[in-house]
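Each chain, letter by letter, is given below.
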Amino acid sequence: MIVVINIYDEKILDEAYKIDSKVSIKDNFRIRPLAQNDYEYGFLTVLSQLTEVGDVSRERFDEIFDKMKTNGCYYVTVIEDLETNQIAGSATLFTEYKFIHGGGLRARIEDVVVDNKYRGQNLGVALVQTLKSLSKVLNCYKLTLDCNDRMISWYQKYFAFQIEEGRSNFLTIRF
Ligand code: 16G
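Residues numbered from 1 in each chain as written. Predicted model: local features only at pLDDT ≥ 70, side-chain atom pairs only at ≥ 80, totals over all residues. Heavy atoms only, no water.

- Looking up the protein in an unreviewed UniProt entry gives the name Glucosamine 6-phosphate N-acetyltransferase, with the organism given as Dermatophagoides pteronyssinus.
- Annotation of the protein in UniProt includes, under Pathway (unreviewed entry), the sentence "Nucleotide-sugar biosynthesis; UDP-N-acetyl-alpha-D-glucosamine biosynthesis; N-acetyl-alpha-D-glucosamine 1-phosphate from alpha-D-glucosamine 6-phosphate (route I): step 1/2."
- The Catalytic activity (unreviewed entry) comment attached to the protein in UniProt states, word for word, "D-glucosamine 6-phosphate + acetyl-CoA = N-acetyl-D-glucosamine 6-phosphate + CoA + H(+)". (UniProt positions renumbered as here; feature names shortened; annotations may be inferred.)

See the structure below:
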């Protein structure tokens, strides 16, 4: 029997879908937590359509997976094509503890990507909507993201993200 190790407890997704109904996608897709064996099902290949993934061996992947799982702040969420078991898309909700806002949690959406061959099927909307609902379940006081400028209108249109006046910036240093 193969034991599936998920990066977070899948039950929380049911809580998320109680808050906002699930965006409808075809039955042959399943939204679920990243599992450790997704390394074999194209997870990194899908991520490589977002940015450079570099050399991440199985061993390194397992190490990162374990750290994220133990930390408990990473909700790496994927869409699986149930016909092929391949990963069709992925997005991460990262939660960050704060001393401000009454010791509140701030959430960020990261690394949103849908495989080229699966685009145009609402998978990205379904993934990000799931994460938005999840951030409400987790009682986060705010949810933010930074993205490629050409994606701003997509996030505004489908999820009501807003550019806050006086804060429309994201500063970067690359090492
Ligand atoms: C986008 C992503 C960000 C990702 C970055 C990678 C979203 C909402 N934004 O900005 O999460 O980490 O691209 O680009 O998915 P980089 O390799 O240049 O950091």
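Let us keep going from here.
## A word on the sheet that holds strand β3 (residues 86-97)
Reasoning step 1: Spatially, β1-β2-β3-β4-β5 is the arrangement adopted by the five strands of the open sheet, whose pairing is mixed. What marks the edges here is a single partner per strand, and that holds for β1 (29-33) and β5 (140-144). Mean inter-strand twist for the sheet, computed between neighbouring axes without regard to direction, equals 20°.
Reasoning step 2: Examined bridge by bridge, β3 and strand β4 (residues 105-114) share eight bridges and lie antiparallel to one another. Along β4, the bridge assignment pairs G89 with V114.
Reasoning step 3: Here helix α4 (residues 123-137) sits on the sheet and contacts β1, β2 (74-81), β3, β4 and β5; the angle it forms with β3, its principal contact strand, is near 25°. (Pairing = 2+ DSSP bridges. Helix = DSSP H or I, 4+ residues; strand = E, 2+ residues; numbered from the N terminus. Axes fitted to C-alpha atoms, helices over the stretch in contact; angles between N-to-C directions. Contact = heavy atoms within 4.5 Å.)

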